[in-house]
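Now for the letters of each chain:
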Amino acid sequence: MSDHDPLSYRRSSLRIVFSLLTIWFMASYVASILARDWLDANLPSIGHAPFGFWMSQQGSIIIFILLLIAYRFLMNRLDARHGLVDKD
Amino acid sequence: MSQDLWNYLFIGLSFAVYIFIAVRSRAGSTQEFYVANQGVSPFANGMATAADWMSAATFISMAGTVAISGYDGGRFLMGWTGGYVLLTILMVPYLRKFGKATVPDFIGDRYYSNFARLVAVICAIFICLTYIMGQMRGVGVVFAQLFNIEIWAGVIIGGAIVFFYAALGGMKGITYTQVAQYCVMAFSYTLPTILIAMTLTGNVFPQLGLIGSTVGENSQPILEKLNNVNIELGFSEYTAGNMSKLNMFCITAALMAGTAGLPHVIVRFFTVKDVKAVRTSCCWTLAFIGVIYLTAPAVGAFARINLIDKLHNTAYSEAPAWFAKFEETKQMSWVDKNNDGKIQYFGPGKATEGSSGAVFAGKPDFDKEAPRGLHGQRVPTNEVDLTNPNELYFGTDIMVMANPYMGGLPKWVIGFLMAGCIAAALSTAAGLLLVLSTSISHDLMKKILKPDLTDRQEMGYARGASAVALLVAIYFGINPPSAFIAKTVAFAFGLAASSFFPTLLIGIFSKRMGSTGAIAGMIAGITFTLGYIIYFQFNLPLVGKGSPDQYLFGITPEGIGFVGMILNFVVAFVVNSFTADAPQEVQDMVERIHVPTGASEASDH
């Protein structure tokens, strides 16, 4: 536990949280709802589906799953760097 | 073998498995009853959470909603998966570290007030009851279809089964039953869709079929075909949708925040060993949920194509046999408005200005003794709406179940799907029932009213509370306040989004928030949301029922939870600026929940 600095741990973990939430917001609200008309018109279709439509029905869900995997990886790495691991 | 036999075989087999598991792992102590001794592996918990989470609404109703509303259906797809990102990143690792058995427990301790605990208990009861109603309705629809009985009888049968193993097994029994239920659900949902995708699009993966083209001579992209058909029949384009951006935004946000605030989901993550296991478990959960959610849009699109192909402009006498079957259970109905003997299906675009496009008012009802119509069809007693040419009624909830019939799949696939529908409704109902009974026995009786309860008595209260809660849920399952299962359930999310989500979030991330502010926020949020929903959904004696033009900024009751959530945040911080901050020892406690180690020691209560 010697290299554990609570303040820098908090700051790093909040940074992870905020960056993942930004991606989350972009994938769901921005790409699938707010800007979807523009994306439908200007980005290439996924197969035969307009981009924004595909994001709302498939893409966003795939991104959510990837975000959780990233969260697990980043937080476990952060814990290990700060020596915050339960001994089994 | 007949269809009925296949149905009984699959459902009978799956029930035998569930009951075997429930009996093998029945709970002996409250610790086992509430959190399964915190000994569940992240993988098993992921599967169980997925089953707990995916309700009859997801399984039966969601694809139907997507089929009818196309792009607009995305609000459910995104809302019910995106919430897991919030749940994982902002809530459960911290709540697990805190290590109590229930959500009101956290609120009671974090806000050092039994009154806060009581408000949380009441919120939990409201949320779970609203939610469980949707499940009971779902069970009823499936059983009605299955045994050719009325929906009310189906609701009662379902209730009896849920009570049997939720009250017996507690969290431990439920968890392992849910693992089995997830497997049944996932296979029975994807298998019919894969078979339909292969015949319709030539693609093994439904997800690729959705963005692919139809097979045959006049090959054309699935979505283009849907858009053309929709326009031709007077609906809006499948990929365009009808809903305003603001409303879509609010509903999606309410569903996401609601997901992250649902007590029966949060409590599932208290069953694993430590914070690290919580993170792993969340990944598994969303991956398992994704299997079904990524398939649902394909189910919806294929079902719509098949429905229109098979029924529109088909003479009733030549309609497929399943149509008469669904007619008997009042899930589909036909009124020959233009007397040509053919079924016509049209959207609002073909109707005169101001018409709803519905065949008749309300849900179809017919007199079993009354003579049949000219073509052998059942004649609904509803008043027929002649302002539009639409002749076909079908319930949204029937789409998934009708899908294999429409696709002409073998009988055993349909039997398997029925077992999946029932697994979906039972697993969620059981999880909810558990939270309801714990809220009453643990939070209300043990922590507030009678602190000297023994373990044994507490279990007795838990089982008694399940019975009462279930009776109420059965009543509302028979008389649902909303037409679609998915909508009833959406209200539960609104309530969770406006009460638990903000209060938990502030409790975790703000050290200083005191009890007065938090309680005021919680009450303001849930009262506003509940009031708005009741005003627009029920016909009240004094004020009457609100009409859609009175909606606040055009936000429907489904999305109002998002506004309620903001209200909760604002009220909490404003009130807190005038009242006392949390005491030092509570602030220290909040500091500690941000350190991920040592979660297992803290779990005694």
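Undergrad: How would you sum up the overall build of chain B? Please name residues and give values.
TA: Scanning chain B from N- to C-terminus turns up 23 helices and 4 strands. Here the C-alpha radius of gyration of chain B, 24 Å, is about what a compact globule of 605 residues would show, namely 25 Å. Evaluated residue by residue, chain B yields a buried proportion of 59% over its 605 residues. Contacts spanning at least 24 positions in sequence make up 82% of the contacts within chain B whose residues lie at least 6 apart.

Undergrad: Tell me about the overall build of chain A, residues and numbers included.
TA: Across its full length, chain A holds 3 helices and 0 strands. The helix and strand sequence of chain A, counted from the amino end, reads α-α-α. In terms of overall dimensions, chain A is more spread out than a globule: its C-alpha atoms have a radius of gyration of 18 Å, far above the 12 Å expected for 88 residues. If you line up chain A on its principal axes, its C-alpha atoms span 55 × 25 × 15 Å.

Undergrad: Any chance you could break down the packing of helix H4 (residues 56–69) of chain B against helix H7 (residues 114–147) of chain B for me, citing the residues and the numbers?
TA: Residues and elements named next belong to chain B. Running from N to C, H4 and H7 point in directions that differ by 65°, and their axes come no closer than 9 Å. With respect to H7, the axis of H4 lies roughly perpendicular. Two packed elements cross with a definite hand, and for H4 against H7 that hand is left-handed. Between H4, through Ala-56, Ala-57 and Ile-60, and H7, the contact on the second element is made entirely by Gly-134, Gln-135, Gly-138, Val-139 and Val-141. A per-class count over the contact of H4 with H7 returns 5 nonpolar, 3 polar and no charged.

Undergrad: Describe the confidence of the model for chain B, and please don't skip the residues or the numbers.
TA: Residue and element names in this part refer to chain B. On average, residues of chain B carry a pLDDT of 81, and 94% of them reach 70 or more. At the low end of the mean pLDDT range in chain B sits helix H2 (residues 30–35), at 69; at the high end sits helix H22 (residues 560–578), at 91. Counting contacts from residues 601–605, a segment whose pLDDT is below 50, to residues more than four positions away or on other chains yields 7 contacts. For this predicted complex, the interface confidence comes out at an ipTM of 0.91, alongside a pTM of 0.87.

Undergrad: Please provide a residue-by-residue account of the interface of chain A and chain B, values included.
TA: With 35 residues of chain A at the interface, the matching set in chain B holds 41 residues. Those elements that place two or more of their residues in the side of chain A that touches chain B are helix H1 (6–34) and helix H3 (51–81) of chain A. Of all the elements, H3 of chain A adds the most residues to the side of chain A that touches chain B, at 17 residues. Looking at the side of chain A that touches chain B residue by residue, the classes come out as 22 nonpolar, 9 polar and 4 charged.

Undergrad: Hey, could you go over the packing of helix H20 (residues 500–509) of chain B against helix H21 (residues 515–537) of chain B for me, with residue numbers and the actual values?
TA: Residue and element names in this part refer to chain B. Where H20 contacts H21, the axes come no closer than 9 Å and their chain directions differ by 160°. As judged from the angle between their axes, H20 and H21 are roughly antiparallel. As for how H20 packs across H21, the hand of that crossing is right-handed. Contact residues: Pro-502, Thr-503, Ile-506 and Gly-507 in H20; Ala-518, Gly-521, Met-522 and Gly-525 in H21.

Undergrad: Give me the lowdown on the nonpolar core, citing residues and values where you can.
TA: Residue and element names in this part refer to chain B. Counting residues in each nonpolar core, the largest one holds 223 residues, and the members touching the most others are Met-185, Cys-421 and Leu-433. When residues of this core are assigned to their parent elements, the largest contribution, 22 residues, is made by helix H17 (residues 411–449). In contact with Met-185, not counting residues within four places along its chain, are Ala-51, Met-54, Phe-59, Ile-292, Gly-420, Ala-423 and Ala-424.

Undergrad: Which residues make up the environment of Ala-429 of chain B, and what are the values?
TA: Residue and element names in this part refer to chain B. Topologically, Ala-429 is positioned in helix H17. Under the C-beta neighbour-count criterion, Ala-429 is labelled buried, with 31 such atoms within 10 Å. Sequence separation between Ala-429 and Ala-473 is 44 residues, and the spatial gap between their C-alpha atoms is 9.7 Å. Look past the residues within four positions of Ala-429 in its chain and what remains in contact with it is Ile-132, Gln-135, Met-136 and Val-162.

Undergrad: Can you explain unusual backbone geometry? Please cite residues and give values.
TA: A positive phi angle, close to 35°, is found at Tyr-112 of chain B, a residue other than glycine. Its location among the elements puts Tyr-112 of chain B in the loop between helix H6 (103–110) and H7.

Undergrad: Account for the environment of Met-565 of chain B, with residues named and values stated.
TA: Residue and element names in this part refer to chain B. Relative to the assigned elements, Met-565 resides in helix H22. Met-565 gets classed as buried once you count the C-beta atoms within 10 Å, which come to 29. Spatially, the C-alpha atom of Met-565 lies 14 Å from that of Ile-555, the residues being 10 residues apart in sequence. Met-565 has contacts with Ala-257, Ala-497, Ser-498, Phe-501, Pro-502 and Gly-525, leaving out every residue within four places of it along the chain.

Undergrad: Quick rundown of helix H14 (residues 296–311) of chain B? Include the residues and the values.
TA: For H14 of chain B, spanning 16 residues, the distance from its first C-alpha to its last is 22 Å, which sits close to the expected 22 Å at 1.5 Å a residue. Where burial is concerned, most of H14 of chain B is hidden: 13 out of the 16 residues are buried.

Undergrad: Give a detailed account of the environment of Leu-453 of chain B, specifying residues and quantitative values.
TA: Residue and element names in this part refer to chain B. Mapping Leu-453 onto the fold places it in the loop between H17 and helix H18 (455–478). Each C-alpha atom, one on Leu-453 and one on Leu-505, is 31 Å from the other, the two residues being 52 residues apart in sequence. Ignoring anything within four residues of it in the chain, the contact list for Leu-453 reads Met-445, Lys-446 and Glu-458.

Undergrad: Account for helix H11 (residues 245–261) of chain B, naming residues and giving values.
TA: Taking 1.5 Å of rise per residue, 17 residues should cover 24 Å, and H11 of chain B covers 24 Å from first to last C-alpha, within 8% of that figure. Taken across its 17 residues, H11 of chain B has 14 buried, putting it largely inside the fold.

Undergrad: For the confidence of the model for chain A, give the residues involved together with the corresponding values.
TA: Considering every residue of chain A, the mean pLDDT works out to 84; 92% of them sit at 70 or more. The element-level mean pLDDT for chain A is lowest in helix H2 (residues 36–42) of chain A, coming to 79, with H3 of chain A highest at 89.

Criteria and thresholds
Throughout, a residue's number is its position along its own chain's written sequence, starting from 1. Ligands are numbered from 1 and chains lettered from A, in the order in which they are written. For a predicted model such as this one, the threshold for reporting local features is a pLDDT of at least 70, and the threshold for listing and counting side-chain atom pairs is 80 or more; totals across whole chains, interfaces and linings nevertheless cover every residue. Helix and strand assignments come from DSSP, with helices taken as H or I runs of at least 4 residues and strands as E runs of at least 2, each series counted from the N terminus. With C-alpha atoms as the basis for the radius of gyration, the globule rule is written as 2.2 Å multiplied by the number of residues raised to the power 0.38. To sort residues by burial, count the other C-beta atoms lying within 10 Å of each one's C-beta; a count of 20 or more means buried, 12 or fewer means exposed, and anything in between means partly exposed. C-beta atoms are built from the backbone. Two residues qualify as a contact pair if the distance between their C-beta atoms, derived from the backbone, is within 7 Å. Axis definition: a line fitted to C-alpha atoms, limited for helices to the stretch in contact. Angles are taken between N-to-C directions and run from 0 to 180 degrees. Our angle categories are set so that under 35 degrees counts as roughly parallel, over 145 as roughly antiparallel, 65 to 115 as roughly perpendicular, and the remainder as oblique. Here is the rule for handedness: rotate from the far helix to the near one, and if that takes an anticlockwise turn smaller than a right angle the crossing is left-handed, while a clockwise turn gives right-handed. Throughout, the ten residues Ala, Val, Leu, Ile, Met, Phe, Trp, Tyr, Cys and Pro are labelled nonpolar, Asp, Glu, Lys and Arg are labelled charged, and all others, Gly among them, are labelled polar. pLDDT expresses, on a scale from 0 to 100, how confident the predictor is about each individual residue. Residues of type Ala, Val, Leu, Ile, Met, Phe, Trp, Tyr and Cys that are buried and joined through C-beta atoms within 7 Å form what is called a nonpolar core. One less than the residue count of a helix, multiplied by 1.5 Å, gives the span that helix is expected to have.

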